[in-house]
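Fold and geometry: a report
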Amino acid sequence: MLGSRILLIVGGGIAAFKIPELIRMLRREGVGVTPVLTSAGAEFVTPLTLSALAESPCHTALFDLTRESEMGHIQLSRAADLVVVAPATADLMAKMATGLANDLASTLLLATDKPVLVAPAMNVRMWQHPATRRNRDVLAGDGVAFVGPEEGDMACGEYGPGRMAEPDAILAAIRAALGDMSRAPAAPEDHRLAGKHVLVTSGPTHEPIDPVRYIANRSSGAQGTAIAAALRDMGARVSFVTGPADVPPPAGVEVIRVETARQMRDAVESALPADAAVMAAAVADWHVSNAGERKIKKDGSGRMPVLEFNENPDILAWLSRLESGRPKLVVGFAAETDDVLAHASAKRLRKGADWIVANDVRPQTGIMGGAENAVTLITSDGPEEWPRMFKSDVARRLAERIADALTGPVLFGAEVDA
Ligand code: CTP
């Protein structure tokens, strides 16, 4: 991220008040930010605030001749590594989807040749309107990435999806987008996975407590997403089974969205047969067995309701021990906070996986939600420590190893250790 440049287009929504915080976070990470404010956006936040925090002039009008002489809008749209639209209103999304260019923001979005990340923010009905859904699909098809919107109470008093993602979630999506770009594309001739089907699980699972509450974990889905993209780049057909992740799924893979561990297991089963499986999801170990069908209310006693838990299916262990239809190569992950190697090696044998990718997820490593990862690949030959690198580079290296294993005369062996 350090040294990257972002063109940040701020649309007109109440969520614009969160943008100064996002700029502060980006500046702290050494990212250059050039703000662009739409006239509707200027109703919620001032150009002065944005330019002061970004330490860069805030652009506001298309026909600002002084600025035009300093930097034309074409140049402005291409000087960045990534264009971020936050908040993206229904109006801005509609302009983007149809290619309208009638103000500075929409002109920059039409003129840019850089990747675009959009953080929508609007009323729940506007988000659910068929026109907005259509526009979202068109933009996703054009390769635009999305972060959010989230579900929650809205400034207009309604409840539902439409609230802009929080600044830390937008930051994680920016990290993933920039990380993805920092990687040199796979060598064009390396399509060794063409004709292979690889299954990838990714993201957290959400285990409901009642219709509005759930138990989750801090997985952003960034590593699983990068792995799916790397496998795709090497020619594989990828089935991407994802829980509710912070980062958008990659283009060009089959996306199967699930919420709970049990749904994830069923989706994995439906996606079989596969040549290889990479289980990068942070699956919840338990689900609430007495989840409420209605929202659980306080009963006035001051006592908390007692939640009871049942164990979730272990998808990795189940897949690794399938008697028929087991993928030739099954790769699991082990996110640990202590005795990483010992726990991860034991996990490989216990679950019957061929390989385990182990990582240390103590908060001080910055790996959970960050752009980088430091992993050890554990195979039947023992542990192999990889240097700290971008998650996209970990993904590419792993995809190359998977191609070696699936296409070369390599024997790998859970069966040897089992
Ligand atoms: N996994 C899975 N299904 C589960 C739990 C985990 O498929 N119900 C997979 C994960 O996708 C990952 C691996 O198992 O590939 C390790 O997950 P982890 O959560 O680290 O292991 P746990 O089973 O929770 O082991 P422990 O409780 O010892 O940490």
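These numbers were taken from a predicted model, which means no experiment stands behind them.

**What about the sheet that holds strand 16 (residues 329-336)?**
Strands sit in the order 12-11-8-13-16-17-19-20 across an open sheet of eight strands; the sheet is mixed. Taken across any chain shown, the strands that pair with only one partner, and hence form the sheet edges, are strand 12 (254-257) and strand 20 (382-385). The sheet shows a mean angle of 20° between the axes of neighbouring strands, taken without regard to direction. Bridge analysis of strand 8 (residues 197-202) against strand 11 (residues 237-242) gives six bridges, and the strand direction is parallel. Bridge pairing in strand 11 places S202 opposite T242. Along the sheet, helix 11 (residues 261-271) contacts strand 8, strand 11, strand 12 and strand 13 (276-279); its crossing angle with strand 8, the most-contacted strand, is approximately 175°.

**Brief notes about the sheet that holds strand 2 (residues 32-37)**
As a general point, the strands of a sheet are linked pairwise by backbone hydrogen bonds and lie either parallel or antiparallel. In spatial order, the strands read 2-1-3-4-5; together these five strands make up an open sheet with parallel pairing. Two strands close off the open sheet at either side, each with one partner strand: strand 2 and strand 5 (145-146). Alignment of strand 3 (residues 82-88) against strand 4 (residues 116-120), held across four bridges, turns out to be parallel. Bridge pairing in strand 4 places A88 opposite P120. Relative to strand 1 (residues 5-10), helix 6 (residues 104-111) is tilted by about 140°, and along the sheet it contacts strand 1, strand 2, strand 3 and strand 4.

**Things to note about the domain arrangement of the chain**
One frequent convention defines the size of an interface as the accessible area lost when the parts assemble. Assigned domains within the chain: domain 1 (5-180) and domain 2 (189-407). For domain 1 versus domain 2, the separation of C-alpha centres amounts to 30 Å. Taken residue by residue, the interface counts nine residues in domain 1 and eight residues in domain 2. At the boundary of domain 1 and domain 2, one finds zero salt bridges. Linking domain 1 with domain 2 are zero residue pairs in polar contact (both at pLDDT 80 or more), by the criterion used here. Broken down by secondary-structure element, the contributors of at least two residues to the side of domain 1 that touches domain 2 are strand 5 and helix 9 (167-182). Considering each element in turn, the side of domain 1 that touches domain 2 owes the most residues, six residues, to helix 9. Partitioning the side of domain 1 that touches domain 2 into residue classes produces six nonpolar, one polar and two charged.

**What to know about the packing of aromatic side chains**
In this structure the tally under the stated criterion is zero aromatic pairs. Between the NZ or CZ atom of R397 and the centre of the ring of W386, over which it lies, the distance is 4.6 Å. We note R401 situated over the ring of W355; from NZ or CZ to the ring centre the distance is 6.0 Å.

**Here's the deal with the site of the ligand**
The immediate surroundings of the ligand are formed by 15 residues, with M279, A281, F333, K347 and K351 found nearest. In this structure, a nitrogen atom belonging to the ligand sits 3.0 Å away from a main-chain N or O atom of I315. At the level of secondary structure, the elements contributing two or more residues to the shell around the ligand comprise helix 12 (315-320), strand 16 and helix 13 (340-351). Of the residues in the shell around the ligand, the class split is nine nonpolar, one polar and five charged.

**Description of the environment of P249**
Structurally, P249 can be placed in the loop between strand 11 and strand 12. Considering only alpha carbons, one finds P249 and A226, 23 residues apart in sequence, at a separation of 8.9 Å. Apart from residues no more than four positions distant in its own chain, P249 is found in contact with T225, F240, V255 and R257.

**What about the pairing of strand 16?**
On a regular strand, one side chain projects to one face of the sheet and the next to the other, so that they alternate. Most of strand 16 is tucked away, with seven of its eight residues classed as buried. Across four bridges, strand 13 lies against strand 16 in parallel orientation. Bridging across to strand 16, V278 finds its partner in V331. For strand 16 and strand 17 (residues 355-360), the ladder comprises six bridges, and the chain directions are parallel. Looking across to strand 17, one finds that F333 is bridged to V357. Following the chain from strand 16 across helix 13 to the adjacent parallel strand 17, one finds a crossover that is right-handed.

**Structural notes on the side chain of S56**
Note on placement: S56 falls in the loop between helix 2 (47-54) and helix 3 (65-70). The exposure class of S56 is buried, given its relative accessible area of 14%.

**Structural notes on the pattern of salt bridges**
All chains considered together, the criterion is met by 20 salt bridges. In this structure, the salt-bridge partner of K114 is D113, at a minimum N-O distance of 3.9 Å. Using a relative accessible area of 26% as the deciding quantity, one classes K114 as partly exposed.

Thresholds, definitions, all that
Note that residues are indexed from 1 along each chain, following the sequence as it is written. Note on the predicted model: pLDDT of at least 70 is required for a residue's local features to be given, and 80 or more for side-chain atom pairs to be given and counted; whole-chain, interface and lining totals, by contrast, use all residues. Side-chain numbers here rest on the full set of heavy atoms in the structure, without hydrogens or water. For two strands to count as paired, DSSP must find a minimum of two bridges between them. Think of it this way: any DSSP run of H or I at least four residues long counts as a helix, any run of E at least two long counts as a strand, and we number them from the N terminus. Every axis in this analysis is a line fitted to C-alpha atoms, fitted for helices over the stretch in contact. Angles between the N-to-C directions lie between 0 and 180 degrees. Contact definition: two residues touch when any of their heavy atoms are within 4.5 Å. Throughout the structure description, domain borders are defined by an automatic or database domain assignment. A side-chain nitrogen of Lys or Arg and a carboxyl oxygen of Asp or Glu constitute a salt bridge if their distance falls within 4 Å. N or O atoms within 3.5 Å of each other form a polar contact, as long as, within protein, one can give a hydrogen and the other can take it, and as long as residues adjacent in sequence are counted only when both atoms are side-chain atoms. Residue polarity follows a fixed list, in which Ala, Val, Leu, Ile, Met, Phe, Trp, Tyr, Cys and Pro are nonpolar, Asp, Glu, Lys and Arg are charged, and the others, Gly among them, are polar. Only Phe, Tyr and Trp rings are paired, with Trp represented by its six-membered ring, and only when their centres lie within 6.5 Å; those with planes under 30 degrees apart are stacked, over 60 edge-to-face, the remainder tilted. A positively charged side chain is recorded as over a ring if its NZ (Lys) or CZ (Arg) lies within 6 Å of the ring centre. The angle to the ring normal must also be within 35 degrees. By convention in these notes, a residue is near a molecule or strand provided one of its non-hydrogen atoms lies within 4 Å of it. Burial classification: accessible surface area is computed with a 1.4 Å probe over protein chains only, and a residue below 20% of its type maximum counts as buried, one above 50% as exposed, and the rest as partly exposed. A crossover gets the label right-handed when its path from the first strand over the helix to the second runs clockwise, viewed with the strands pointing away from the viewer.

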